[in-house]
Amino acid sequence: MNDMDYRAGDARYYMPAFSREIMIERGLLSKVWDAEGKEYIDCVAGIAVCSTGHCHPEVTRAICEQAGKLIHCSNLYYVPGQADLARKLVEVCGMYKAFFANSGAEANDGAIKLARLATGRKKFVAFTHGFHGRTLGSLSVTHKPAIREPFLPLEPSCTFVEYGDLESLKKAVDKTVAGVFVEPIQGEAGVIIPPDDFISGIREACDRHGALMIADEVQTGMGRTGKWLAIQHTGVLPDIVTLAKGIASGFPMGALLAREGLEFRKGEHGSTFAGGPLACAAARSTIRVIEKILPDVPKKGKRFSDQLSAHNPRAKGLMMGITVGDTCPAVQKKCAEDGVLVNCAADGNLRLVPPLVITNDEIDLAASVINAAMAGIRR
Ligand code: PLP
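Model, not experiment: these values are computed from the prediction.

Conventions used here
- Residues numbered from 1 in each chain as written.
- Predicted model: local features only at pLDDT ≥ 70, side-chain atom pairs only at ≥ 80, totals over all residues.
- Heavy atoms only, no water.
- 1 Å grid on protein atoms, 1.4 Å probe; cavity = no way out; pocket = protein on both sides within 12 Å on 5 of 7 lines; lining within 4 Å.
- Points joined across faces, edges and corners; volume = space filled by probe spheres on them.
- Helix = DSSP H or I, 4+ residues; strand = E, 2+ residues; numbered from the N terminus.
- Nonpolar A, V, L, I, M, F, W, Y, C, P; charged D, E, K, R; others polar.
- Pairing = 2+ DSSP bridges.
- Near = heavy atom within 4 Å.
- Polar contact = N/O pair within 3.5 Å; in protein donor to acceptor, adjacent residues only side chain to side chain.
- Areas by Shrake-Rupley, 256 points an atom, 1.4 Å probe, with all protein chains shown as cover.
- Disulfide = S-S within 2.5 Å.
- Buried < 20%, exposed > 50% of the residue type's maximum accessible area, 1.4 Å probe, protein only.
- Axes fitted to C-alpha atoms, helices over the stretch in contact; angles between N-to-C directions.
- Left-handed = near helix turned anticlockwise from the far one by under 90°.
- Contact = heavy atoms within 4.5 Å.
- Domains from an automatic or database assignment.
- Buried area = accessible area lost by both parts, 1.4 Å probe.
- Salt bridge = Lys/Arg side-chain N within 4 Å of Asp/Glu carboxyl O.

## Focus: the layout of surface pockets
In this structure, the second largest pocket occupies an estimated 810 Å³ of space. Surrounding the second largest pocket, 28 residues form its lining, N75, Q82, A98, F99 and H269 being those nearest its centre. When contributions to the lining of the second largest pocket are tallied by element, the ones reaching two or more residues are α4 (82-93), β4 (97-101) and β10 (254-258). The element contributing the most residues to the lining of the second largest pocket is β4, with four residues. Of the residues in the lining of the second largest pocket, the class split is 15 nonpolar, eight polar and five charged.

Right under this line is the structure:
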């Protein structure tokens, strides 16, 4: 099969769990090129993954240098760069210790296990429209019925409370609850930003009953909203933070960070690949790049959302959602035709999560294409 047969090959040989149109062949910072050579400004960034953009030279160099020295060694040995990455992450996130995973779902599975070990309790509380992953553990705390129900019964058992409804949350949390999973801004739901006192209310409810507060920052973390963590905008300190997506610029990695006193002891958790030398090199270089660009993220986000103000965007840094409705797929298609990749999250919400390195010129061009697509589709 040659490269031009990718659509037929996919249809014949790959399980049809995704629907897709374009093959992206190469990328550089905020731009990608498809298999036909067409150029796009990428406002999807692998769904908030390519934080430093595509193939950022510093990240690519760090991965290549590490690949020339050691690709894998197992956690039976000290892993080059692992402790330093853990130190850096806990410092910028205000946590105490780290443990690595290979994805967001796995990081959340780790959080479920750690909360159960620490509290001796079994049950969890999470929120409507929340997304925490598709492994059986993380799916248990994920709300969307269409992806959950085929796999029932799921374990651990989870009570879902309306996102933003503090009174219902207070009723749901009691002394039998191990932890509350919350996205400080819901991503897959379409960039839903909760009321100001919601996050601090969760903290209080957890404290009252000895439940752990688990901030799922898989999508919102690593500078996406203009701070290392979205929860840092609220001043609330959770017990556990989970990270993945933007942590290593697209190299698969997840992380679980915990406050002092919460840790896996010998033999309680582990993974063959997690926190390996390549992932650590990718993440450490990603953090070095983000440290330089983080101060500009709020300004860039404002520039972008100001230009989309006619559509009432919900925005925090470079994480934006616009309620479009049933025409969202048509807007997505038109933007792609005109050279801008955007994505429809749940319920007809257009989601924009471009690389944090996106330039002002790229923002201006992307905004004009999105505005034109929205105007054209409405007519
Ligand atoms: N948590 C959140 C908030 C997410 O947005 C996602 C993925 O979209 C996940 C967890 C699952 O991450 P992964 O796909 O890496 O397992």
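Picking up after the structure, the text goes on.
## Some thoughts on the sheet that holds strand β3 (residues 39-42)
Pairing is mixed in the open sheet, where four strands are placed in the order β1-β2-β3-β13. Every other strand in the sheet has two partners, leaving β1 (24-28) and β13 (340-341) as the edge strands with one partner each. Two elements, strand β2 (residues 31-34) and β3, share three bridges in a ladder whose sense is antiparallel. Its bridge partner being in β3, K31 is matched across the sheet by I41.

## Quick word on the sheet that holds strand β14 (residues 343-344)
A sheet is described by the order of its strands in space; here four strands give the open sequence β11-β12-β15-β14, paired in antiparallel fashion. Single-partner strands in this sheet number two, and they are β11 (314-316) and β14. As paired elements, β11 and strand β12 (residues 319-323) share three bridges and run antiparallel to each other. Following the sheet pairing, K316 is matched in β12 by M319.

## Concerning the site of the ligand
With respect to spatial proximity, 13 residues lie near the ligand, and among them G104, A105, D216, Q219 and K245 are the closest. Taking D216, its side chain carries an N or O atom lying 2.7 Å from a nitrogen atom of the ligand. Relative to its free-state accessible area of 390 Å², the ligand is covered by the protein chains to the extent of 81%. Per-element accounting of the shell around the ligand gives the leading share, three residues, to helix α5 (residues 104-119). When its residues are assigned to classes, the shell around the ligand shows three nonpolar, six polar and four charged.

## Here's the deal with the state of the cysteines
What the rule picks out here adds up to one disulfide. For the unlinked cysteine C55, the closest cysteine sulfur is that of C50, found at 8.4 Å. Exposure remark for C55: the relative accessible area of 49% places this residue in the partly exposed category.

## Description of unusual backbone geometry
With an omega dihedral of 0 degrees, the bond running from L152 to P153 counts as a cis peptide bond. Looking at the secondary structure, you find P153 in the loop between α7 (145-148) and β6 (158-161). Positive phi is not limited to glycine here, since N312 has a value of about 50 degrees. By the secondary structure assignment, N312 is in the loop between α11 (297-307) and β11. Here N312 falls in the exposed class, since its relative accessible area comes to 61%.

## Points about the packing of α4 against helix α10 (residues 277-293)
Axis separation between α4 and α10 bottoms out at 9 Å; the angle between their running directions is 35 degrees. Relative to α10, the crossing made by α4 is left-handed. Together, Q82, D84, L85, K88 and L89 of α4 and C280, A283, R284, I287 and E291 of α10 make up the contact between the two elements. Its residues placed into classes, the contact of α4 with α10 shows five nonpolar, one polar and four charged.

## Quick look at the domain arrangement of the protein chain
With domains assigned, the protein chain is organised as domain 1 (3-55 + 296-378) and domain 2 (58-292). Contact with domain 1, which involves 26 residues of that partner, is made by 27 residues of domain 2. Taken together, both faces of the contact between domain 1 and domain 2 bury some 2,100 Å²; the carbon and sulfur share is 60%. Between domain 1 and domain 2 we count one salt bridge in total. Measuring nitrogen to oxygen at the nearest pair gives 2.6 Å for the salt bridge that ties E188 to R351. Of all the secondary structure elements, the ones that give two or more residues to the side of domain 1 that touches domain 2 are α2 (45-48), α11, β11, β12 and β15 (349-352). Residue composition of the side of domain 1 that touches domain 2, by class: 17 nonpolar, five polar and four charged.

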